[in-house]
Amino acid sequence: MRVVGVQRALRFSPNSVEKDLAILRAVVEPMGGKIVSEENAALPNVLDGASLVLSMARTPWALSCLDTAVQDGVRVINPPEGVRRCARVMLRQLALAASVPVPPADGDVGYWLKRGDAAAQSKDDVVFCADHDALDRALSEFHSRGIIEYIVQAHQLGDLVKFYGVLDTGFFRYFYPGDDGQTKFGDETRNGMPHHYAFSVSALQSAAERLASSARCPVYGGDAIVSSKGTFVLIDFNDWPSFSRCRMEAAEAIRQLVLAGGC
């Protein structure tokens, strides 16, 4: 079996380049695979003849190359179709259709404006707005940058929880960023130190897996807010996160997915 790993473009790994590369290496290298950047002009040639591709790619060109590989019978995890379905605008539709709780667009404790056509590439792609006036200003800034697809989520009070999973393996882990201080842009501090409110982990896992299945993205991660009453909403969902808090466990689960013929 010829294995290829496709590294994510640096702009899609803000403050996480080494972490993202580390999980890919942890999966691909024990399988004797080769890693190539999704921006490498030789990508089509590298994919030619591969039997398995483990991909973190997000650029339209790389996804197009992977489409061709899939059409040629190559197994790709995560598949390009799944990555496209993880655009926030589409994810919200998928979440609602799968009865996955997500924040409403309106609230009384602020708003989050999030780029909807692609994952965040900088801190400016996910913006907290204290009120409607701030939201209007942030929208104007988005438009000036050419961003016309976006979502608005009402800010939610409660514990911020990051979760990671691999479909069909039973692997699911969750962590509180407030406990270990790991952060990408510092937005996690908006909810303060965690209270560790009691909640149903199995219900969160079920919701995350429903969304991962709908998105056709078996290697996934995301964020949820758990309220003081134990209810939760998913505020973000990502294709193939860095798994930095549980890297080796996740790598083993992804290899289990491969061996079981999943995806």
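An account of the accompanying structure is given in this report. Since the model is a prediction, treat every value here as computed from it, not as a measurement.

### Description of the packing of helix 1 (residues 17–28) against helix 9 (residues 247–259)
So, step 1. Viewed as axis vectors pointing N to C, helix 1 and helix 9 meet at an angle of 45°, and their least axial separation amounts to 8 Å. Put simply, helix 1 runs oblique to helix 9. When the axes of helix 1 and helix 9 are compared, the crossing they make is right-handed. Taking contact as the criterion, the partners of Lys 19, Ala 22, Ile 23, Ala 26 and Val 27 in helix 1 are, on helix 9, Arg 247, Met 248, Ala 250, Ala 251, Ile 254 and Arg 255.
So, step 2. Broken down by class, the residue content of the contact of helix 1 with helix 9 amounts to eight nonpolar, no polar and three charged.

### A word on the side chain of Arg 85
So, step 1. In this structure, Arg 85 sits in helix 4 (residues 80–85).
So, step 2. Of the side chains with opposite charge, Glu 81 lies nearest to the buried Arg 85, which makes no salt bridge, at 4.1 Å.
So, step 3. Within the structure, Arg 85 has its side chain in polar contact with the backbone oxygen of Ser 214 (distance 2.9 Å).
So, step 4. Excluding residues that lie within four positions of it along the chain, Arg 85 makes contacts with Met 90, Leu 91, Leu 94, Ser 214, Ala 215 and Arg 216.

### Some words on the packing of aromatic side chains
So, step 1. If you walk through the whole model with that rule in mind, you get nine aromatic pairs.
So, step 2. On the basis of an interplanar angle of 75° and a centroid distance of 5.4 Å, the ring pair of Tyr 174 and Phe 199 is categorised as edge-to-face. Remark: Phe 199 occurs in the loop between helix 7 (177–180) and helix 8 (201–215) and Tyr 174 occurs in strand 9 (residues 171–175); sequence separation between them is 25 residues.
So, step 3. Residue classification places Tyr 174 among the partly exposed residues on the basis of a relative accessible area of 31%.
So, step 4. You can call Phe 199 buried: its relative accessible area is 16%.
So, step 5. A network of ring pairs unites the aromatic residues Phe 163, Phe 172, Tyr 220 and Phe 237 as a single cluster.

### Here's the deal with the environment of Glu 29
So, step 1. Turning to its location among the elements, Glu 29 is positioned in the loop between helix 1 and strand 2 (34–37).
So, step 2. Between the C-alpha atom of Glu 29 and that of Gly 5, which follows or precedes it by 24 residues, the distance is 8.9 Å.

### Focus on unusual backbone geometry
So, step 1. Cis geometry marks the peptide bond from Ile 77 to Asn 78, where omega comes out at -10°.
So, step 2. Relative to the elements of secondary structure, Asn 78 occurs in the loop between strand 4 (75–77) and helix 4.
So, step 3. Despite not being glycine, Arg 216 shows a phi value in the positive range, around 60°.
So, step 4. With respect to the helices, strands and loops of the structure, Arg 216 is situated in the loop between helix 8 and strand 10 (219–226).
So, step 5. With a relative accessible area of 41%, Arg 216 lands in the partly exposed category.

Cut-offs used in this document
Residues numbered from 1 in each chain as written. Predicted model: local features only at pLDDT ≥ 70, side-chain atom pairs only at ≥ 80, totals over all residues. Heavy atoms only, no water. Axes fitted to C-alpha atoms, helices over the stretch in contact; angles between N-to-C directions. Helix = DSSP H or I, 4+ residues; strand = E, 2+ residues; numbered from the N terminus. Parallel < 35°, antiparallel > 145°, perpendicular 65-115°, else oblique. Left-handed = near helix turned anticlockwise from the far one by under 90°. Contact = heavy atoms within 4.5 Å. Nonpolar A, V, L, I, M, F, W, Y, C, P; charged D, E, K, R; others polar. Buried < 20%, exposed > 50% of the residue type's maximum accessible area, 1.4 Å probe, protein only. Lys, Arg positive; Asp, Glu negative; His and termini not counted. Salt bridge = Lys/Arg side-chain N within 4 Å of Asp/Glu carboxyl O. Polar contact = N/O pair within 3.5 Å; in protein donor to acceptor, adjacent residues only side chain to side chain. Phe/Tyr/Trp six-rings, centres within 6.5 Å; stacked < 30°, edge-to-face > 60°.

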